[in-house]
Amino acid sequence: MTSEHRLTISTDAHGHTAGWAAAELEAALEVDIDKSAAAFFDIDNTMLQGASIYWIARGLAARRYFTTTDLARFAWQQARYRLLAAEHAGDMSNAKKVALAFIEGWRVDDIERLTEEIFDELMAPRIWSGTRALAQLHLDAGERVWLVSAAPVEIGRVIAQRLGLTGAIGTVAEVIDGAYTGRLVGDLMHGPAKADAITQLANVEGLDLRRCTAYSDSVNDLPMLSAVGNAVAVNPDSGLRRAAREQGWEMRDFRTGRKAAKVAVPSTLAAGLLAGAITTVLAARRRRRAG
């Protein structure tokens, strides 16, 4: 694992790593825990219809942190980006800078409170029931289940808690005195970083990755899928579908016709919406300070 990639797992109020959700504690009383096997689920379009950041942006817009006009403008920018360019190091670096500018000065408890509200309002109805059932099968077998996402770890932690999963691994921002500093701890939890993270977790928790399972919709997660003994493509994009066929991996697609087309929109526009949110919030802060 490189020095740029550091693993952060959701914790409970006492700071215990890989904290167990209440629902899993209850299940643990009935099922022997398999300490060598676990499951790892991507969030966006794998566990959740669309992108988690998109729904957070929608919820913040409803609370007037920024406007729907800002959402539309930056949604178009992201659509243009997706049509003209593939992800590369420069794009991820810019995304990191923008995200850090957005959260600087925000308190962690405020972000978590808003995420909980928005999850209950907008995200819970959009959890893929099929993927949730797959996660439950692992829990019922005594395995632990982690979400692994490029989304901020606070978002992953809320989703994991709400779904009764073990915990979450995600992008981590530095926090001092309960507030974000605007600096990142390690790098974005994206691509190879996910594979590094679950490998580190396996070392800490005594997992045998050959007995573990990973689920994702994106070809970007090939490193994570290749790091485990059982890889499953869920609602796969075209690149992952090809790779899954070549590797003989299992595929599960819970999308159908028109529903799939609707789900694709928030996923494609997510990063642009986040950029719009960031720009608007920062502009408002500058106006208030100037006043």
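Looking at an unreviewed UniProt entry, one finds the protein chain named HAD-superfamily subfamily IB hydrolase, TIGR01490 and attributed to Asanoa ishikariensis.

Counting all residues, the mean pLDDT for the protein chain is 77, and 64% of those residues have values of 70 or more. Note on residues 258–273: pLDDT under 50 across the span, and 33 contacts to partners over four residues away in sequence or across chains. In this model, residues 275–282 is a region of pLDDT below 50 whose contacts with residues beyond four sequence positions or in other chains number 17 contacts.

Among the nonpolar cores identified, the biggest contains 37 residues, and Phe41, Met47, Met123, Leu147, Ile159 and Leu165 are the most heavily contacted of them. The contacts of Met123, once residues within four sequence positions are left out, are Leu48, Ser52, Trp55, Ile56, Ile118, Ile155 and Ile159. Phe40, Ala193, Ile198 and Ala214 belong to the second largest nonpolar core, which has 23 residues in total.

Glancing now at the sheet that holds strand E6 (residues 230–234). Pairing is mixed across the open sheet formed by seven strands, whose spatial order is E4-E3-E2-E1-E5-E6-E7. Two strands in the sheet have a free side with no partner beyond their single neighbour: strand E4 (179–185) and strand E7 (250–252). Direction aside, neighbouring strands of the sheet carry axes that sit 30 degrees apart on average. With three bridges connecting them, E6 and E7 associate as parallel partners. Paired with Val234 across the strands is Arg252, a residue of E7.

If you walk through the whole model with that rule in mind, you get three aromatic pairs. Their ring planes at 5 degrees and their centres at 4.1 Å tell us that Phe41 and Tyr215 sit as a pair that is stacked. Taken together, the residues span a long stretch of sequence, with Phe41 in strand E1 (residues 38–41) and Tyr215 in strand E5 (residues 213–216) at a distance of 174 residues. Look at Phe41 and you get buried, because its relative accessible area is 0%. Judged by centre distance (4.7 Å) and plane angle (80 degrees), the ring pair of Tyr54 and Trp55 falls under edge-to-face. An identical accessibility class is assigned to Tyr54 and Trp55; each is buried.

Turning next to unusual backbone geometry. At Asp177, a residue that is not glycine, the phi angle is positive and equals roughly 55 degrees. On the secondary structure map, Asp177 appears in the loop between strand E3 (167–176) and E4. Asp177 gets classed as exposed once you look at its relative accessible area, which sits at 71%.

About the criteria used
- Residues numbered from 1 in each chain as written.
- Predicted model: local features only at pLDDT ≥ 70, side-chain atom pairs only at ≥ 80, totals over all residues.
- Heavy atoms only, no water.
- pLDDT = per-residue confidence, 0-100.
- Contact = heavy atoms within 4.5 Å.
- Core = buried A, V, L, I, M, F, W, Y, C linked by side-chain atoms within 4.5 Å.
- Buried < 20%, exposed > 50% of the residue type's maximum accessible area, 1.4 Å probe, protein only.
- Pairing = 2+ DSSP bridges.
- Helix = DSSP H or I, 4+ residues; strand = E, 2+ residues; numbered from the N terminus.
- Axes fitted to C-alpha atoms, helices over the stretch in contact; angles between N-to-C directions.
- Phe/Tyr/Trp six-rings, centres within 6.5 Å; stacked < 30°, edge-to-face > 60°.

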